[in-house]
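# Summary of structural features
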Amino acid sequence: MKYNVHYHLICENNDNILEYVIPYWKLYASHVFIYLFETNDNTEKILNNYKDFVTIFNIKYDKEKFDGSIEEKLINSSFKGSKGKCDFCFIGKVSDILYFKNVETTLDLMYNNKCTVYIPNKYEILDIPGYMKSKYIHESIFNVYFNDISNVSVFLNPNEITELNYDYISGNIDPIGNIKFYRGYKSCILDIKYMIFNKYLEFISEKISKMTPKQKKQKSNNDFNKTPENLLNIYNQKKNNLQIFNLIL
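Residues numbered from 1 in each chain as written. Predicted model: local features only at pLDDT ≥ 70, side-chain atom pairs only at ≥ 80, totals over all residues. Heavy atoms only, no water.

### Description of the state of the cysteines
What makes a disulfide is a covalent bond joining the sulfur atoms belonging to two cysteines. Applying the stated criterion across every chain, the model contains zero disulfides. Free cysteine C11: the closest other cysteine sulfur is in C89, separated by 18 Å. C89 provides the cysteine sulfur closest to C86, a residue in no disulfide bond, and the two sulfurs are 3.7 Å apart. Take C86: its relative accessible area is 6%, and that puts it in the buried class. (Disulfide = S-S within 2.5 Å. Buried < 20%, exposed > 50% of the residue type's maximum accessible area, 1.4 Å probe, protein only.)

Spelled out as structure tokens, the structure:
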């Protein structure tokens with residue numbers, strides 16, 4: 001690809017989804033920077049198989065309390081390390097797959113129109129396909145759920161952005177710099193964190209157990225203030241409101 005693209009991604013216990021996301025990194029990224037929160041699974045072992053284009057930063061924090069300020073700082077500062085070293089950056093979480101229907105066309109449009117920030121629509125995949133047609137999950141899924149809530153994942157030109165100003169509580173960004181939003185289409189984020197739903201419930205339950213009541217209340221639009229029963233109900237409601245993915249793009 002003629003464009004140099006860096007990925008900056010937050011990662012936790014994600015060994016169960018890496019097989020789905022890594023093929024997309026290989027499609028689009030010239031280098032991937034992983035900010036790895038301490039894990040108790042095989043995430044780091046798997047990522048170490050890709051040392052040629054994956055750099056891991058081990059993030060230390062107090063596991064006995066949940067502190068969103070760490071994530072906020074990482075999201076806001078990570079892209080600055082790519083200034084002068086790439087054309088575009090993708091910033092987000094490992095569970096967010098950036099998918100371009102035609103990557104060269106999209107990036108040509110951004111580059112030629114001097115667009116500096118793109119926040120793709122997010123579509124949630126609620127089940128692992130029973131039969132994977134290929135290693136690329138978009139070729140196997142049929143229905144997805146459109147999530148129109150604030151999306152932390154962003155695609156930008158790091159050389160034109162001074163500050164991202166991501167706020168952990170609201171989930172919003174307020175970038176500063178030479179801001180020109182790209183309003184294109186035919187690319188999106190495929191959020192796969194719900195694909196193995198029981199695994200996700202375990203992950204959320206552990207997080208909730210370490211949060212203060214104030215933190216739970218602050219994250220009012222987030223899964224962290226909901227019980228497992230609430231999350232299961234929401235999950236089932238989403239499954240009844242799916243859209244046909246092929247028609248979206």
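### Structural notes on the pattern of salt bridges
Going through the model one piece at a time under the given rule, you end up with eight salt bridges. Measuring nitrogen to oxygen at the nearest pair gives 3.5 Å for the salt bridge that ties K93 to E71. Separated by 22 residues along the polypeptide, K93 in strand β4 (residues 88-93) and E71 in helix α3 (residues 68-77) bring together distant segments of the chain. Among the residues examined, K93 registers a relative accessible area of 28% and is labelled partly exposed. Through salt bridges that share partners, D96, K122, D191 and K193 make up one connected network. (Salt bridge = Lys/Arg side-chain N within 4 Å of Asp/Glu carboxyl O. Helix = DSSP H or I, 4+ residues; strand = E, 2+ residues; numbered from the N terminus.)

### Some details on the nonpolar core
Counting 48 residues, the largest nonpolar core has Y7, W25, I34, I137, F155 and L190 as the members making the most contacts within it. Those elements that provide at least two residues to this core are β1 (5-11), α1 (18-28), β2 (31-37), β3 (54-59), β4, β5 (96-100), α4 (103-112) and β12 (187-191). Among the elements that take part in this core, α1 stands out by supplying seven residues, more than any other. In this structure, L190 is in contact with S95, D96, I97, Y99, Y123, I125, I137, H138, I141 and F245, ignoring residues within four places of it in sequence. F33, F37, V152 and L231 belong to the second-largest nonpolar core, a separate cluster that totals 30 residues. (Core = buried A, V, L, I, M, F, W, Y, C linked by side-chain atoms within 4.5 Å. Contact = heavy atoms within 4.5 Å.)

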